[in-house]
Amino acid sequence: MTTQTLSEKKEAIQLLMKYAVPADQMPEALKLLDHFQDDPIAANLLHAFYSYLPEGLDDNVRSIRTLARRQGSFLLGAITTRAAYLYLVTVDKAEFLGNTSTGIWEKEVLNFFELGDRETHLKQLEDLTKFPEHRPALQDEKTCPACAVGDGEKHVLGCPVEVCPWCGGQLTSCHCRFEKLDRDHILGERELKAFEEKLAAKGRIPYDSAQHRPAYPSAGEATGPASTN
Ligand SMILES: [Zn+2]
Ligand SMILES: [Zn+2]
């Protein structure tokens, strides 16, 4: 399996769109794709949608809404010209969950996002426009730019932004895993599991937007030290 870069994925989506999007909707559809060009979450949703049109008929995504998010997983609603659909999306993949008119059948998904049972949640889906517009991950300072967890959440294990709780370095590249397990190189599945347990016992460092996303004051705000009254 090959890993596509974001720009390769965008090209793939554009190609799929030629076969899916009605001509008169194309400018709007391309505008949406541009808006989300730096966002792996939206790109995965769009790629899934245009690869497999839910009704098998011409259609295009007009808006993406964030219904729920947790630990780098997003429950997104795609409002299209024909209907509205639900997707479960991470930085790695998007999974089609169904039409908003039938709701979510997967119990694990309902439980994961604490949405109650299918019928209760179904009422929430009547009007997707009341949910906020999905924000491109890189423009949203409250989202880890690599694994897309929210502020204060633990990174997805393997995220290059995660800080090592032992040495303060980059957890994916520091040597602590070998030291903690008393091994000198490559770790197998079992060792990785053991390391994960030691890591949990030590206490993982969650994503902290204040630390990892330095704020650059905009020209209008950079007029002097902030007052504290
Ligand atoms: Zn992360
Ligand atoms: Zn370390």
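Before any of the text, the structure's been laid out above.
What you see is a predicted model; the values in this text were computed from it and never measured. (Residues numbered from 1 in each chain as written. Chains lettered and ligands numbered in written order. Predicted model: local features only at pLDDT ≥ 70, side-chain atom pairs only at ≥ 80, totals over all residues. Heavy atoms only, no water.)

Enquirer: I keep staring at the coordination of the zinc ion (ligand 2) and nothing clicks. Help me out?
Expert: Coordination angles at a metal have ideal targets, namely 109.5 degrees for four tetrahedral donors and 90 or 180 degrees for six octahedral donors. The coordination sphere of the zinc ion (ligand 2) contains the protein donors Cys164 (SG), Cys167 (SG), Cys174 (SG) and Cys176 (SG), at a distance range of 2.3 Å. Written as a sequence motif, the donor residues of the zinc ion (ligand 2) are C-x2-C-x6-C-x1-C. Its relative accessible area of 11% is what places cysteine 174 among the buried residues. (Donors = N, O, S within 2.8 Å, 3.2 Å for Na, K, Ca; no water. Buried < 20%, exposed > 50% of the residue type's maximum accessible area, 1.4 Å probe, protein only.)

Enquirer: Would you take a moment to explain the pairing of strand E1 (residues 61–70) for this structure?
Expert: A regular strand places its side chains so that they alternate between the two faces of the sheet. Among the ten residues of E1, seven are classified as buried, and the element is accordingly described as predominantly covered. Where E1 meets strand E2 (residues 73–80), eight bridges bridge the pair, whose relative direction is antiparallel. The partner of alanine 68 across the bridge, within E2, is leucine 75. The turn linking E1 back onto E2 is made up of two residues, and glutamine 71 within it adopts a positive phi angle of 50 degrees. (Helix = DSSP H or I, 4+ residues; strand = E, 2+ residues; numbered from the N terminus. Pairing = 2+ DSSP bridges.)

Enquirer: How should I be thinking about the packing of helix H1 (residues 6–20) against helix H3 (residues 40–51) in this particular structure?
Expert: For any two helices packed against each other, one specifies the crossing angle of their axes together with the interaxial distance. At a minimum axis separation of 9 Å, H1 and H3 run at an interaxial angle of 30 degrees. Compared by their axis directions, H1 and H3 come out roughly parallel. Of the two possible hands of crossing, H1 and H3 adopt the one that is left-handed. Contacts between H1 and H3 involve Leu6, Lys9, Ala12, Ile13, Leu16, Met17 and Ala20 from the former and Pro40, Ala43, Asn44, Leu46, His47, Tyr50 and Ser51 from the latter. Of the residues assigned to the contact of H1 with H3, the class counts are ten nonpolar, three polar and one charged. (Axes fitted to C-alpha atoms, helices over the stretch in contact; angles between N-to-C directions. Parallel < 35°, antiparallel > 145°, perpendicular 65-115°, else oblique. Left-handed = near helix turned anticlockwise from the far one by under 90°. Contact = heavy atoms within 4.5 Å. Nonpolar A, V, L, I, M, F, W, Y, C, P; charged D, E, K, R; others polar.)

Enquirer: What exactly am I supposed to notice about the environment of tyrosine 50 here?
Expert: Here tyrosine 50 lies in helix H3. Owing to a relative accessible area of 5%, tyrosine 50 belongs among the buried residues under this scheme. Sequence-wise, tyrosine 50 and arginine 135 are 85 residues apart; in three dimensions their C-alpha atoms are separated by 20 Å. A distance of 3.1 Å separates a polar side-chain atom of tyrosine 50 from the backbone nitrogen of valine 61. (Polar contact = N/O pair within 3.5 Å; in protein donor to acceptor, adjacent residues only side chain to side chain.)

Enquirer: Honestly, the sheet that holds strand E3 (residues 84–89) in this entry has me stumped. Any pointers?
Expert: Adjacent strands of a sheet pair through backbone hydrogen bonds, lying either parallel or antiparallel. Here four strands make up an open sheet; going across it, the order is E1-E2-E3-E4 and the pairing antiparallel. At either end of the open sheet lies a strand with only one pairing partner, and these are E1 and strand E4 (94–99). The mean inter-strand angle of the sheet, taken between neighbouring strand axes irrespective of direction, is 25 degrees. Those strands touched by H3 are E1, E2, E3 and E4, and its axis lies near 125 degrees from that of E3.

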